[in-house]
Amino acid sequence: MGLYKLIALDMDGTLLDEEKKISPENQSAIRQATEAGKIVIMSTGRGAISALPYIQELGLSTPMVMVNGSEVWESPDKLLRRTLLPVETVSRLHALAEEHDCWWWAYSVEGVFNREREGLDIPNGEWLKFGFFTENAEKLQRIREIAESWGTLEITNSHPSNIELNPLGISKASGVEAVCQLLGIQMSEVIAMGDSQNDITMIREAGLGVAMGNAQDEVKQIADITTVTNEESAVAKIIHAYML
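Quick look at the structure, then. (Residues numbered from 1 in each chain as written. Predicted model: local features only at pLDDT ≥ 70, side-chain atom pairs only at ≥ 80, totals over all residues. Heavy atoms only, no water.)

1. Observations regarding the overall build of the protein
Line of reasoning, step 1. Helix and strand content of the protein: eight helices and 13 strands.
Line of reasoning, step 2. The C-alpha radius of gyration computed for the protein amounts to 17 Å, which stays within 12% of the reference 18 Å derived for 244 residues, consistent with globular compactness.
Line of reasoning, step 3. Its C-alpha atoms give the protein principal-axis dimensions of about 50 × 35 × 30 Å.
Line of reasoning, step 4. A total of 244 residues make up the protein; the buried ones form 56% of that total.
Line of reasoning, step 5. Counting contacts in the protein only where the partners sit at least 6 residues apart, residues at least 24 apart contribute 56% of the total. (Helix = DSSP H or I, 4+ residues; strand = E, 2+ residues; numbered from the N terminus. Rg over C-alpha atoms; globule rule 2.2 N^0.38 Å. Buried < 20%, exposed > 50% of the residue type's maximum accessible area, 1.4 Å probe, protein only. Contact = heavy atoms within 4.5 Å.)

And the structure:
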């Protein structure tokens with residue numbers, strides 16, 4: 001099964017268990033894959049600041065796809081490219097959140113802002129991603145439809161009760177493709193694993209697209225295979241079955 005050279009892993013709901021930890025089995029399999037010359041990368045909605053402790057824990061120095069593809073890193077300390085949301089778009093999204101009294105968060109190059117954090121300065125920030133969270137499905141759908149009507153955003157989720165917005169054309173797939181170009185690997189040689197809408201593009205375009213057992217149904221529908229859940233060391237299972 002030596003066909004696959006690279007595995008791109010979503011973090012929350014995929015690599016990480018429900019306590020946000022990496023199981024010993026997943027750690028061990030990632031180490032074995034790396035020792036066998038395979039490339040293991042994170043492809044996450046998280047920003048580098050919150051992803052790095054895990055990447056360091058795994059001892060990885062490989063490229064990273066962060067913030068759903070808005071940042072692609074050549075290595076943990078070298079940025080390859082960054083795609084920003086226009087300030088005007090972020091202002092409109094923020095106004096939409098206020099208007100609908102909805103919890104929101106915004107990833108800037110400096111860190112994450114939300115409704116409770118002081119010092120939000122939209123005009124002078126460099127913005128990578130915006131998110132809305134509400135358990136009111138109708139409200140979420142209404143916000144999504146308004147944002148979709150602008151035609152300038154890539155809209156996904158990382159949980160059924162949120163939506164995440166990136167610049168149009170920016171996704172985990174565009175990020176993984178950039179990493180492949182950098183490394184001289186084809187997308188057909190990639191395994192991608194995830195559980196949410198923001199994983200669909202990379203799961204669809206990878207040689208082997210893997211939906212987690214705990215994935216949203218629409219992810220399972222487009223994946224090549226569905227594996228066990230994030231509580232059952234799915235990453236280790238896939239690495240052993242398809243890479244080693």
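2. Side note on a negative patch on the surface
Line of reasoning, step 1. Side chains of E18, E19, E231 and E232 sit close together on the surface and give a patch of like negative charge.
Line of reasoning, step 2. When its relative accessible area of 47% is taken as the criterion, E232 is described as partly exposed. (Patch = residues over 30% accessible without salt bridge, like charges linked within 9 Å, V, L, I, M, F, W, Y side chains within 5 Å. Areas by Shrake-Rupley, 256 points an atom, 1.4 Å probe, with all protein chains shown as cover. Salt bridge = Lys/Arg side-chain N within 4 Å of Asp/Glu carboxyl O. Lys, Arg positive; Asp, Glu negative; His and termini not counted. Charge placed at Lys NZ, Arg CZ, Asp CG, Glu CD.)

3. Some remarks on helix α1 (residues 24-35)
Line of reasoning, step 1. Helix length check: α1 (12 residues) gives 16 Å between terminal C-alpha atoms against 16 Å at 1.5 Å per residue, within 8%.
Line of reasoning, step 2. Its buried side turned inward, α1 meets β1 (6-9), β2 (39-43), α2 (48-57) and α8 (234-242).
Line of reasoning, step 3. Looking at the residues trailing α1, positive phi occurs at G37, about 85°. (Expected span 1.5 Å × (residues − 1).)

4. With respect to a nonpolar patch on the surface
Line of reasoning, step 1. On the surface, L80, L182 and L183 cluster together to form a nonpolar patch covering roughly 210 Å² of accessible area.
Line of reasoning, step 2. Within the secondary structure, L80 sits in strand β5 (residues 78-82).

5. Some words on the pairing of β1
Line of reasoning, step 1. Burial along β1 is two-sided: L6 and A8 and I7 and L9, pointing in opposite directions, are all buried.
Line of reasoning, step 2. Note: β1 against strand β11 (residues 190-194), four bridges, orientation parallel. Bridged to I7 within β11 is I191.
Line of reasoning, step 3. Note: β1 against β2, four bridges, orientation parallel. (Pairing = 2+ DSSP bridges.)

6. Looking at the sheet that holds strand β10 (residues 162-167)
Line of reasoning, step 1. Strand order in the open sheet made by the five strands is β7-β6-β8-β10-β9, with antiparallel pairing throughout. Bordering the open sheet on either side are β7 (111-114) and β9 (153-156), each of which pairs with just one other strand. Taking the axes of each pair of neighbouring strands and ignoring which way they run, one obtains an average angle of 20° across the sheet.
Line of reasoning, step 2. Across four bridges, strand β6 (residues 103-108) lies against β7 in antiparallel orientation. (Axes fitted to C-alpha atoms, helices over the stretch in contact; angles between N-to-C directions.)

7. Overview of the packing of aromatic side chains
Line of reasoning, step 1. Counted according to the given criterion, the structure contains three aromatic pairs.
Line of reasoning, step 2. Between the aromatic rings of W104 and F130, the centroid separation amounts to 5.7 Å while the plane-to-plane angle is 10°, which identifies the pairing as stacked. Of this pair, W104 sits in strand β6 while F130 sits in strand β8 (residues 127-133), placing them 26 residues apart in sequence.
Line of reasoning, step 3. For F130, a relative accessible area of 1% gives the class buried.
Line of reasoning, step 4. Taken together, the aromatic side chains of W104, F130 and F132 make up a single cluster linked through ring pairs.
Line of reasoning, step 5. Over the aromatic face of W150 sits the side chain of R92, whose NZ or CZ is 4.0 Å from the ring centroid.
Line of reasoning, step 6. Lying across the ring of F113, R117 places its NZ or CZ 4.0 Å from the centre. (Phe/Tyr/Trp six-rings, centres within 6.5 Å; stacked < 30°, edge-to-face > 60°. Lys NZ or Arg CZ within 6 Å of the ring centre and 35° of its normal.)

By themselves, these figures tell us nothing about what the structure is for.
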